[in-house]
Amino acid sequence: YYHERLKSSVLALDFLKSRGLDAEGVVTRYQLGFADRTLGLRLPEKNRVEGAQLRSRLMQLGLYRESGHEHFNGCLVVPLYDGQGKPVSLYGRRVQNGELRHLYPPGPHRGLFNPSALDGPEVILCEAVLDALTFCAHGFPHATCAYGTEGMTDELWERLRKARKVFLAYDADEAGDRATERDTARLKSIGVEVARVRFPW
């Protein structure tokens, strides 16, 4: 549903264009979507049994809040997958200025962005979903991400352990430097070759 909504959202498409991510192949391949507050209009009324059940299920999934609002309202949404390729979570990125730019469902992080990137011998590891998506959109399909410099999940770590070489493409700032130093040591300790992708400060 969110994927279909993105296709008719000028706001979301303009945001993707500003990031160089507006190619149709990128939008389709990575099932990018947009939460535009219309999901509730597609559900039966909440005072009906079916409507109440659906809203309860959406709250369990982290897509709806108890207030009745969509959790990802105003966000570009990107599906995150488990090791079997099934969607298990979403990442949200606000397309307009706001206090919170990155959004996830409540609870611990689940799922991987672009898990097929972890199937080969070399992996580009970024800090954030849109960073990895940018690599993918520009000819580097073996890019994935943690969820910030402190967001390495056990799920991601277990997959990285199988790589031969990891290119750390963290931001060129103090947090990125600290995370690069930490993760370089950690990966090298298990025999994974590491290189840093250097960006201008």
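Throughout what follows, the structure given in this document is the object of discussion. Note that residues are indexed from 1 along each chain, following the sequence as it is written. Per-residue local features are limited, in this predicted model, to residues with pLDDT of at least 70; the limit for side-chain atom pairs, both in listing and counting, is 80 or more; totals at the level of whole chains, interfaces and linings are taken over all residues. To obtain the side-chain values, all non-hydrogen atoms of the structure were used and water was disregarded.

1. Here we look at the overall build of the protein chain
No. 1: Within the protein chain, the regular secondary structure consists of 7 helices and 8 strands.
No. 2: For this measure, only C-alpha atoms enter the radius of gyration; the expected value for a globule follows 2.2 Å times N^0.38, where N is the number of residues. Over its C-alpha trace the protein chain gives a radius of gyration of 18 Å, about what one expects of a compact globule, namely 17 Å for 201 residues.
No. 3: In terms of its C-alpha atoms, the protein chain occupies a principal-axis envelope of roughly 55 × 30 × 30 Å.
No. 4: Restricting the contact set of the protein chain to residue pairs at least 6 apart, pairs at least 24 apart contribute 59%.
No. 5: For the protein chain, the exposed surface amounts to about 11200 Å²; the carbon and sulfur share of it is 50%.
No. 6: Charged residues are defined narrowly, with Lys and Arg counted positive, Asp and Glu counted negative, and His plus the chain ends left uncounted. To locate a charge, take atom NZ for lysine, CZ for arginine, CG for aspartate or CD for glutamate. Across the protein chain, the mean location of the 28 positive side-chain charges is 3 Å away from that of the 26 negative side-chain charges. Secondary structure elements follow DSSP: runs of H or I of four or more residues count as helices, runs of E of two or more count as strands, with numbering from the N terminus. Here, two residues are considered to be in contact whenever any of their heavy atoms come within 4.5 Å of each other. Accessible areas in this description were obtained via Shrake-Rupley with a 1.4 Å probe; residue shielding takes into account the shown protein chains only.

2. Considerations on the environment of Asn114
No. 1: Relative to the helices and strands, Asn114 is located in the loop between strand S4 (102-103) and strand S5 (122-126).
No. 2: Exposed residues in this analysis have more than 50% of their type's maximum accessible area, buried residues have under 20%, and partly exposed residues fall in between, with area computed by a 1.4 Å probe over protein chains only. Judged by relative accessible area, Asn114 falls into the buried class, the value being 4%.
No. 3: Not counting residues up to four positions away in its chain, the partners in contact with Asn114 are Arg29, Tyr30, Cys136, Pro141, Ala143 and Thr144.
No. 4: Polar contact is defined as a pair of N or O atoms within 3.5 Å, subject to the rule that within protein one atom must be able to donate a hydrogen and the other to accept it, and that residues adjacent in sequence are counted only when both atoms are side-chain atoms. A distance of 2.9 Å separates a polar atom in the side chain of Asn114 from the backbone oxygen of Ala143.

3. So, the layout of surface pockets
No. 1: Computed from the structure, the largest pocket encloses a volume of approximately 600 Å³.
No. 2: Detection works on a 1 Å grid of protein atoms alone, calling trapped sets that fit a 1.4 Å probe cavities and calling open sets with protein on both sides within 12 Å along at least five of seven lines pockets, with lining residues defined by an atom within 4 Å of a point. Surrounding the largest pocket, 24 residues form its lining, Leu63, Pro87, Val88, Ser89 and Leu90 being those nearest its centre.
No. 3: Of all elements in the fold, only helix H1 (2-7), strand S2 (75-81) and strand S3 (87-94) reach the threshold of two or more residues within the lining of the largest pocket.
No. 4: Any residue outside Ala, Val, Leu, Ile, Met, Phe, Trp, Tyr, Cys, Pro, Asp, Glu, Lys and Arg is labelled polar, Gly included; the first ten of those are nonpolar and the last four are charged. The residue makeup of the lining of the largest pocket, split by class, is 16 nonpolar, 7 polar and 1 charged.
No. 5: Grid points are joined across faces, edges and corners, and a volume is the space filled by probe spheres set on the points. The volume enclosed by the second largest pocket comes to roughly 290 Å³.
No. 6: Taken together, 14 residues make up the lining of the second largest pocket; nearest its centre are Gly40, Arg55, Tyr64, Gly68 and His69.
No. 7: Considering only residue class, the lining of the second largest pocket consists of 3 nonpolar, 5 polar and 6 charged.

4. Topic: the side chain of Lys165
No. 1: Tracing the backbone through its elements, the reader meets Lys165 in strand S7 (residues 165-169).
No. 2: Residue Lys165 is classed as buried on the basis of its relative accessible area, which comes to 16%.
No. 3: The residues touching Lys165, leaving out its near neighbours within four places in the chain, are Pro121, Glu122, Val123, Val192, Glu193 and Ala195.

5. Observations concerning the environment of Leu133
No. 1: Tracing the backbone shows Leu133 in helix H5 (residues 129-137).
No. 2: Between the C-alpha atom of Leu133 and that of Lys165, which follows or precedes it by 32 residues, the distance is 19 Å.
No. 3: Dropping the residues within four chain positions of it, Leu133 is found in contact with Leu21, Val26, Tyr30, Leu32 and Phe113.

6. Side note on the side chain of Arg159
No. 1: For Arg159, the location among the structural elements is in helix H6 (residues 154-160).
No. 2: There is a polar contact of 3.2 Å between the side chain of Arg159 and the backbone oxygen of Pro115.
No. 3: For Arg159, the contacting residues outside a window of four places in its chain are Gly83, Leu112, Pro115, Leu118 and Asp119.

7. Brief notes about H5
No. 1: Buried within H5 are the following residues: Val129, Leu130, Ala132, Leu133, Phe135 and Cys136.
No. 2: One or two residues past the end of H5 sits Gly139, with phi positive at roughly 95°.

8. Points about the environment of Arg19
No. 1: Here Arg19 shows up in the loop between helix H2 (10-18) and helix H3 (24-29).
No. 2: Ignoring anything within four residues of it in the chain, the contact list for Arg19 reads Arg93, Leu130 and Asp131.

9. Concerning the pattern of salt bridges
No. 1: A pair is scored as a salt bridge if a Lys or Arg side-chain nitrogen falls within 4 Å of a carboxyl oxygen belonging to Asp or Glu. All told, the structure shown has 9 salt bridges when counted by the stated rule.
No. 2: Where Glu150 meets Arg182, a salt bridge forms, and the shortest distance between an N and an O atom there is 3.3 Å. One end of the pair, Glu150, is in the loop between strand S6 (143-145) and H6; the other, Arg182, is in helix H7 (residues 174-188), and 32 residues separate them in sequence.
No. 3: Classification of Glu150 by relative accessible area gives exposed; the value is 67%.

Any link to function would need more than the numbers given here.
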